[in-house]
There are 6 protein chains.
Amino acid sequence: MIVTAKLGFSAAHRLHNPNFDAEWNRQKYDKCDNAGGHGHNYVIEVSVSGDIDPQTGMVIDLTKLKDIIRRELLDHVDHRNLNSDVPFLGGVIPTAENLAVSFWKRLSPAIDEGALCQIVLHETEKNSVVYRGE
Amino acid sequence: MIVTAKLGFSAAHRLHNPNFDAEWNRQKYDKCDNAGGHGHNYVIEVSVSGDIDPQTGMVIDLTKLKDIIRRELLDHVDHRNLNSDVPFLGGVIPTAENLAVSFWKRLSPAIDEGALCQIVLHETEKNSVVYRGE
Amino acid sequence: MIVTAKLGFSAAHRLHNPNFDAEWNRQKYDKCDNAGGHGHNYVIEVSVSGDIDPQTGMVIDLTKLKDIIRRELLDHVDHRNLNSDVPFLGGVIPTAENLAVSFWKRLSPAIDEGALCQIVLHETEKNSVVYRGE
Amino acid sequence: MIVTAKLGFSAAHRLHNPNFDAEWNRQKYDKCDNAGGHGHNYVIEVSVSGDIDPQTGMVIDLTKLKDIIRRELLDHVDHRNLNSDVPFLGGVIPTAENLAVSFWKRLSPAIDEGALCQIVLHETEKNSVVYRGE
Amino acid sequence: MIVTAKLGFSAAHRLHNPNFDAEWNRQKYDKCDNAGGHGHNYVIEVSVSGDIDPQTGMVIDLTKLKDIIRRELLDHVDHRNLNSDVPFLGGVIPTAENLAVSFWKRLSPAIDEGALCQIVLHETEKNSVVYRGE
Amino acid sequence: MIVTAKLGFSAAHRLHNPNFDAEWNRQKYDKCDNAGGHGHNYVIEVSVSGDIDPQTGMVIDLTKLKDIIRRELLDHVDHRNLNSDVPFLGGVIPTAENLAVSFWKRLSPAIDEGALCQIVLHETEKNSVVYRGE
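To keep things clear, this report deals only with the structure shown in the data block. Only a predicted model underlies this, so the values are computations on that prediction, with no experimental measurement involved.

1. What to know about the pattern of salt bridges
A full pass over the atoms with the stated rule returns 42 salt bridges over all chains. The salt bridge partner of D:R14 is D:D33, with a shortest N-O separation of 3.2 Å. Placement of D:R14 in the loop between β1 (2-13) and α1 (22-29) and of D:D33 in the loop between α1 and β2 (38-49) is noted, with a sequence separation of 19 residues between them. A relative accessible area of 5% places D:D33 in the buried class. The residue F:E72 makes a salt bridge to F:R106 at a minimum N-O spacing of 3.4 Å. Here F:E72 is found in helix α2 (residues 62-77), whereas its partner F:R106 is found in helix α3 (residues 96-107), with 34 residues between them in sequence. Given the relative accessible area of 17%, F:E72 is considered buried. Residue class for F:R106 comes out partly exposed when judged on its relative accessible area of 25%. Among the charged side chains, a salt-bridge network with shared partners connects A:K64, A:D112 and A:E113.

2. A word on the relation of the copies chain A and chain D
Aligned on chain D, chain A shows an RMSD of 0.0 Å; the corresponding rotation is 180° and the shift along the axis is 0.0 Å. One copy is carried onto the other by what is essentially a two-fold rotation axis. Mapped onto chain D, 100% of the interface residues of chain A again fall at the interface, so both copies present the same surface.

3. Structural notes on the interface of chain A and chain D
Taken residue by residue, the interface counts 19 residues in chain A and 19 residues in chain D. Viewed at the interface, chain D and chain A are joined by 2 salt bridges. Inspection of the chain A/chain D interface yields 19 residue pairs in polar contact (both at pLDDT 80 or more). Breaking the side of chain A that touches chain D down by element, the ones donating at least two residues are β1 (2-13), β2 (38-49) and β3 (80-81) of chain A. Tallying contributions element by element places β2(A) first for the side of chain A that touches chain D, with 4 residues. For the side of chain A that touches chain D, a count of residues per class yields 3 nonpolar, 11 polar and 5 charged.

4. With respect to helix α2 (residues 62-77) of chain C
The axis of α2(C) is deflected most strongly, by about 45°, at C:R70. Where α2(C) is concerned, the buried positions are C:L62, C:L65, C:K66, C:I68, C:I69, C:E72, C:L73, C:L74 and C:V77. Tucked into the core, α2(C) has its buried residues touching β1 (2-13), β2 (38-49), β3 (80-81) and α3 (96-107) of chain C together with β5 (127-131) of chain D. Where α2(C) begins, the capping side chain belongs to C:D61, and its oxygen is found 3.0 Å from the backbone nitrogen of C:T63. A positive phi of about 60° marks C:H79, the residue just after α2(C).

5. Focus on unusual backbone geometry
Here the phi dihedral of D:H79 falls at roughly 60°; this positive angle occurs in a residue that is not glycine. Among the secondary structure elements, D:H79 is positioned in the loop between α2 (62-77) and β3 (80-81). Residue class for D:H79 comes out buried when judged on its relative accessible area of 10%. One non-glycine residue with positive phi stands out, namely F:D30, at about 50°. With respect to the helices and strands, F:D30 occurs in the loop between α1 (22-29) and β2 (38-49).

6. Some words on helix α1 (residues 22-29) of chain C
Residues and elements named next belong to chain C. Of all the residues in α1, the buried ones are W24, N25 and Y29. Taken end-on, α1 shows its buried residues confined to a sector of 100°, consistent with a single buried face. Set apart from the buried face of α1 by more than 90 degrees, the exposed residues are A22, E23 and Q27. Phi turns positive one or two residues past the end of α1, at D30, with a value near 50°.

7. Focus: the side chain of D:T4
Tracing the sequence through the fold places D:T4 in strand β1. For D:T4, a relative accessible area of 8% gives the class buried. Among the polar contacts listed, one links the side chain of D:T4 to the side chain of D:S47, at a separation of 2.7 Å. Those residues in contact with D:T4 that sit more than four places away from it in its chain are D:E45, D:V46, D:S47, D:L62, E:K126, E:N127 and E:S128.

8. A word on the state of the cysteines
Counted under the stated rule, the structure contains 0 disulfides over all chains. With no disulfide partner, D:C117 has as its closest neighbouring cysteine sulfur the one in E:C117, 16 Å distant.

What counts and what doesn't
- Residues numbered from 1 in each chain as written.
- Chains lettered and ligands numbered in written order.
- Predicted model: local features only at pLDDT ≥ 70, side-chain atom pairs only at ≥ 80, totals over all residues.
- Heavy atoms only, no water.
- Salt bridge = Lys/Arg side-chain N within 4 Å of Asp/Glu carboxyl O.
- Helix = DSSP H or I, 4+ residues; strand = E, 2+ residues; numbered from the N terminus.
- Buried < 20%, exposed > 50% of the residue type's maximum accessible area, 1.4 Å probe, protein only.
- Least-squares fit on C-alpha atoms with pLDDT ≥ 70 in both.
- Contact = heavy atoms within 4.5 Å.
- Polar contact = N/O pair within 3.5 Å; in protein donor to acceptor, adjacent residues only side chain to side chain.
- Nonpolar A, V, L, I, M, F, W, Y, C, P; charged D, E, K, R; others polar.
- Bend = angle between axes of the 7 residues up to and from the residue.
- Arc of directions from axis to C-beta.
- Disulfide = S-S within 2.5 Å.

Keep in mind these values describe shape, not function.
Below is the structure:
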């Protein structure tokens, strides 16, 4: 049984690899490399798998799961600049792929009922990534 | 090949385990334990896997699948109270997890082309569960 | 200029007029008259009209507007039974139309920047009402 | 008859009035005042009113209207920082209200069939504004 | 008070004015003039205004309103070709604008509680029209 | 890591197997067999799996993936009749299942970073199919 909580946050980011020159970055990231950054209303779906507790009928209380997501993730990234404002994203190029991996590392040890089994991160309605751990 | 039908129903429910006292229930279910109940516009996605019939180009006619879902599920739960009005949910605490398992038991034997492979049940836009059988 | 905040709540209700007999109620409300009730994930859109404050660039801070909506409405109706649990809905048949009028009466005096100009209440994705005051 | 085109763009912004001190800005804009900015997937709905051309059956060709919106607005704001990168937003605090007014001024003279009658700008799924001109 | 029912139908159409030559049609309608046609999942929102009946708490029973829409419109246009299969659209170029006017003429006399006040017709998520009668 | 691009196209189709008579086709496809066809706003989700390139932080540039989808699929099916206008669908009954398989054959060899791992094709909001290759 898998339970999923879906939440959102709004953040700015810029795709840029400082180890390469402007031409390389423009070629790889095009308009996503804009120096002033741009931003998104990200939507994150966090899935936890486990057995149903026969007493509660739940794998994990979704209210509790959402509290964990807010405390571990959203309070740190919502209304922030993902390149400069988030300590646990230091040195990370904030592509959706890299964000999903970083979010997995933050969330996985914080979930103590069931086990984190999937993170879906939507950057826009058209672009999303799925990460299920290594 | 997997085909999926997505349908909705509106129902009332209350999360409460009568084997425990009020304090336990309030702690576990908080506002979901409200004595007068509350309700949701549930959305259910029913997925059937199988081979494509070369004559029809279909795994199962989705119109037929939706008729099965309406006859076996929606006619029994739509505009009902899930705690008191649905015989096949007798004794079940109507969490999304338990509903998904009960719905699987109802639907699985009724689908005679392809095989039921997944039920996704959305309680709200933020809360959902996935069940793929045991 | 009009600004709109969109929020949701989950509640149970039953459509039933106690001044009429069972036959009348069944004829008027059909399955919505189910004695055990049913429920919805309601979505409410609250619109406030006014001039833009040149200092802030806002008509009303939407965070503040959402706080008002939560305090005046959602804290009273979310995860409740609209027939029995909400004092300010006493004696009101909880149709979407009547709810919109009752919500207007609660919200209108509580909004002190700009003026409440429209409430849209969605009972389901298919059913909604618009109320703009008398 | 009114026709509406709905399009999106992703941008960073910060709400901050440089004529006031940090305390004022924090009080008015709270987390929207974050120095590194944040961002949104904005959705804009542009409505044009007019008579139906009996030859084409259209008020304005929506493909043409969308080309105008892209050329006048989206090419300038998509994947940009609304505080620093957009000449026609110079000196404007980029609240949704102010953006809607600035967008109106850009679009209104560029629409040569029918007349611009409404702009709806969604900052998030929860927050939106409507502007219909002065 | 305004109540709105939202329903969908799937249909094929082609935009082509037989009074003009191929070049004119290609210029005006571009890919929408494709000889084999194309199609959409149309969404229609039908709004009725009126007073709340104090006995029922409703302007018009939305179940009844949806029955009218199905009988007068959807049964005639769903899974049809709007150019060739619908008698009441004979001679009409099936743009969203013209469809909205034709639908108004069908629906308006069929609604006997409250009065039809608005039809919104969505051709796609990006393209829609609003018609409020003459 | 899986990345997904979501795009749409509008097309007409008719479900009909010319190897069988009218009665068989009516029984199998009912209203989907309408001779003049009908149509949909299809939504396609294309997923590619692979490792994250440490230099770019991406599996595949989603802008590039969307260009491939447009060039290989959408330019051929958007605003077309799937029964008559698309060479690579010749002889294919255009059910969602068959379309997903045909689209897989077109897209799979065209994706040169990562590997195509899933196609989801939505015919309507209620009907969809998933194909993950043989």
